[in-house]
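What follows is each chain in one-letter form.
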Amino acid sequence: MPRLGSWIEPFPEGIYVRPADAWVDPSQPKARALITHGHGDHARGGHGEVWATAETLAIMATRYGEQNGRPMAYGDSIRVGEVEVSYLPAGHVLGSAQILLEHGGERVVVSGDYKRRPDPTCPPFVVTPCDIFISEATFGLPVFRHPDTGSEIDRLLHRLRAEPGRCVLVGAYALGKAQRVIMELRGRGYEEPIYIHGALERLCRLYEELGVPLGELRLATGVPKAELKDKIILCPPGALNDRWSRRLPDPITAMASGWMRIRQRARQRNVELPLVISDHADWDELTRTIREVAPKEVWITHGREDALMHWCQLHQIKARELNLVGYEDEDD
Ligand SMILES: [Zn+2]
Ligand SMILES: [Zn+2]
């Protein structure tokens, strides 16, 4: 009997699905790419056919121009070569999907990136039983336990109100995190206009076009300093300490990222108010997911593989480390 999943071949540049002649999230241009979600380390330009959700295709179009897209709705199955391919929600960012591949009586799920806690910008992760579960491990260490998102948002609002005359400048990744922070603020009853850096504008508009209502957003550029007092301003992490932020009224520098759990990372970016808000599963979410999916094997991709490998072995699940290159975990 051939080895489980012998038709799936991990290469440094991505996962090759031989009987579909297709690659999952390849880092090099390929004739046929199955894309889990729009983050730059998973979705690159230059492929031939691109199979992805309509939302991911729209995100890719804003970054790389129009794609030769094959839109996949959540739950639909399509035959690609000799493989039945389905896309299921991953709960990571708008349009993010796990890809279920069925061939020769075996089921393989490539999760892409995922999380389990609620996110008002995308549907929740769907547990999909399978033989091989290919999981990320960005926060694959027991030290990573993300706090409740609502309490992090409350800390932000509390700080804003405690220091009148200042503003809170939140560094947030442009795809997913920025829109989620905005929606979480709205969910906590914050209805003031939220000011955004120009680099966030296109994706915020796209989220709204795709049905995620972000409330009143205003561009922060060119706005008089006085207007920005007592306001929340969002920018990409790279703009937190650059010249752009110097014209803001005495900003309280915040950043929304799973990495803010690490004090040193907050200090490196001069972050005064670290907000631990992550779009990736923390340690408990990773292990809970593996338990619920109950695969025969777990293949682990980017992140801290060792601890999760060890956990799988302790729980009698075969685990294997894939050495894919080009994945970054800074997107959180
Ligand atoms: Zn991602
Ligand atoms: Zn990733």
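Rules used throughout
- Residues numbered from 1 in each chain as written.
- Chains lettered and ligands numbered in written order.
- Predicted model: local features only at pLDDT ≥ 70, side-chain atom pairs only at ≥ 80, totals over all residues.
- Heavy atoms only, no water.
- Axes fitted to C-alpha atoms, helices over the stretch in contact; angles between N-to-C directions.
- Helix = DSSP H or I, 4+ residues; strand = E, 2+ residues; numbered from the N terminus.
- Parallel < 35°, antiparallel > 145°, perpendicular 65-115°, else oblique.
- Contact = heavy atoms within 4.5 Å.
- Nonpolar A, V, L, I, M, F, W, Y, C, P; charged D, E, K, R; others polar.
- Buried < 20%, exposed > 50% of the residue type's maximum accessible area, 1.4 Å probe, protein only.
- Core = buried A, V, L, I, M, F, W, Y, C linked by side-chain atoms within 4.5 Å.
- Pairing = 2+ DSSP bridges.
- Right-handed = clockwise from strand over helix to strand, strands pointing away.
- Phe/Tyr/Trp six-rings, centres within 6.5 Å; stacked < 30°, edge-to-face > 60°.
- Expected span 1.5 Å × (residues − 1).
- Arc of directions from axis to C-beta.
- Polar contact = N/O pair within 3.5 Å; in protein donor to acceptor, adjacent residues only side chain to side chain.

Caption draft 1: Quick look at the packing of helix α2 (residues 149–162) against helix α3 (residues 177–187). The interhelical angle for the contact between α2 and α3, taken along N-to-C directions, is 80 degrees, at an axis separation of 10 Å. As the angle between them shows, α2 and α3 are arranged roughly perpendicular. Residues Thr149, Ile153, Leu156 and Leu157 of α2 lie in contact with α3, whose contacting residues are Arg180, Val181, Glu184 and Leu185. Residue classes in the contact of α2 with α3 are distributed as five nonpolar, one polar and two charged.

Caption draft 2: How the structure looks around helix α7 (residues 305–314). Burial in α7 covers these residues: Glu305, Ala307, Leu308, Met309, Trp311 and Cys312. Buried residues along α7 sit in contact with β11 (132–137), α6 (283–293), β18 (297–303) and β19 (318–321). In the segment just after α7, glutamine 316 is the residue with positive phi, at about 60 degrees.

Caption draft 3: Summary view of the nonpolar core. Grouped together as the largest cluster of nonpolar side chains are 36 residues, with contacts concentrated most on Val168, Val170, Leu185, Leu214, Ile232 and Leu234. Elements supplying a minimum of two residues to this core: α2, β12 (167–171), α3, β13 (194–196), α4 (201–209), β15 (232–235), β16 (251–256) and β17 (273–275). With five residues, α3 is the single largest residue contributor to this core. Valine 168 has contacts with Leu156, Leu160, Lys231, Ile232, Ile233, Ile252, Ala254 and Leu273, leaving out every residue within four places of it along the chain. Core analysis: the second largest hydrophobic core is formed by 25 residues, Ile8, Val17, Ala97 and Val108 among them.

Caption draft 4: Structural detail: the pairing of strand β6 (residues 68–71). Where strand β5 (residues 49–52) lies against β6, four bridges are found, and the strand directions are parallel. Note on β6: the bridge partner recorded for alanine 52 is proline 71. Tracing the backbone out of β5, into helix α1 (residues 54–64) and back to the parallel element β6 gives a crossover that is right-handed.

Caption draft 5: The packing of aromatic side chains, seen in detail. All chains considered together, the criterion is met by seven aromatic pairs. Ring centres of phenylalanine 11 and tryptophan 23 lie 5.5 Å apart, and the angle between their planes is 50 degrees; this geometry places the pair in the tilted category. A residue pair is termed long-range when its members are at least 10 positions apart, and phenylalanine 11 in strand β1 (residues 8–11) and tryptophan 23 in strand β3 (residues 22–24) qualify at twelve residues. By relative accessible area, which is 12% here, tryptophan 23 ends up buried.

Caption draft 6: How the structure looks around α2. In a regular helix each residue adds 1.5 Å, so 14 residues correspond to 20 Å; α2 covers 20 Å between its end C-alpha atoms and thus fits that length. Thr149, Gly150, Glu152, Ile153, Leu156, Leu157 and Leu160 are the residues of α2 that are buried. End-on view of α2: buried residues confined to an arc of 165 degrees, all on one side of the axis. Where α2 is buried, its residues meet β12, α3, β15 and β17. Its side-chain oxygen placed 3.3 Å from the backbone nitrogen of glycine 150, aspartate 148 serves as the N-cap of α2.

Caption draft 7: Looking closely at the sheet that holds strand β8 (residues 83–89). Spatially, β7-β8-β9-β10-β11-β18-β19 is the arrangement adopted by the seven strands of the open sheet, whose pairing is mixed. Each end of this open sheet is capped by a strand with a single partner; those strands are β7 (77–80) and β19. For this sheet, the mean angle separating the axes of adjacent strands, direction not counted, is 25 degrees. Taken together, the four bridges between β18 and β19 define a ladder with parallel strand orientation. Within β19, the residue paired with valine 298 across the bridge is alanine 319. Each of β11 and β18 touches α6; the most contacted strand, β11, lies at about 175 degrees to it.

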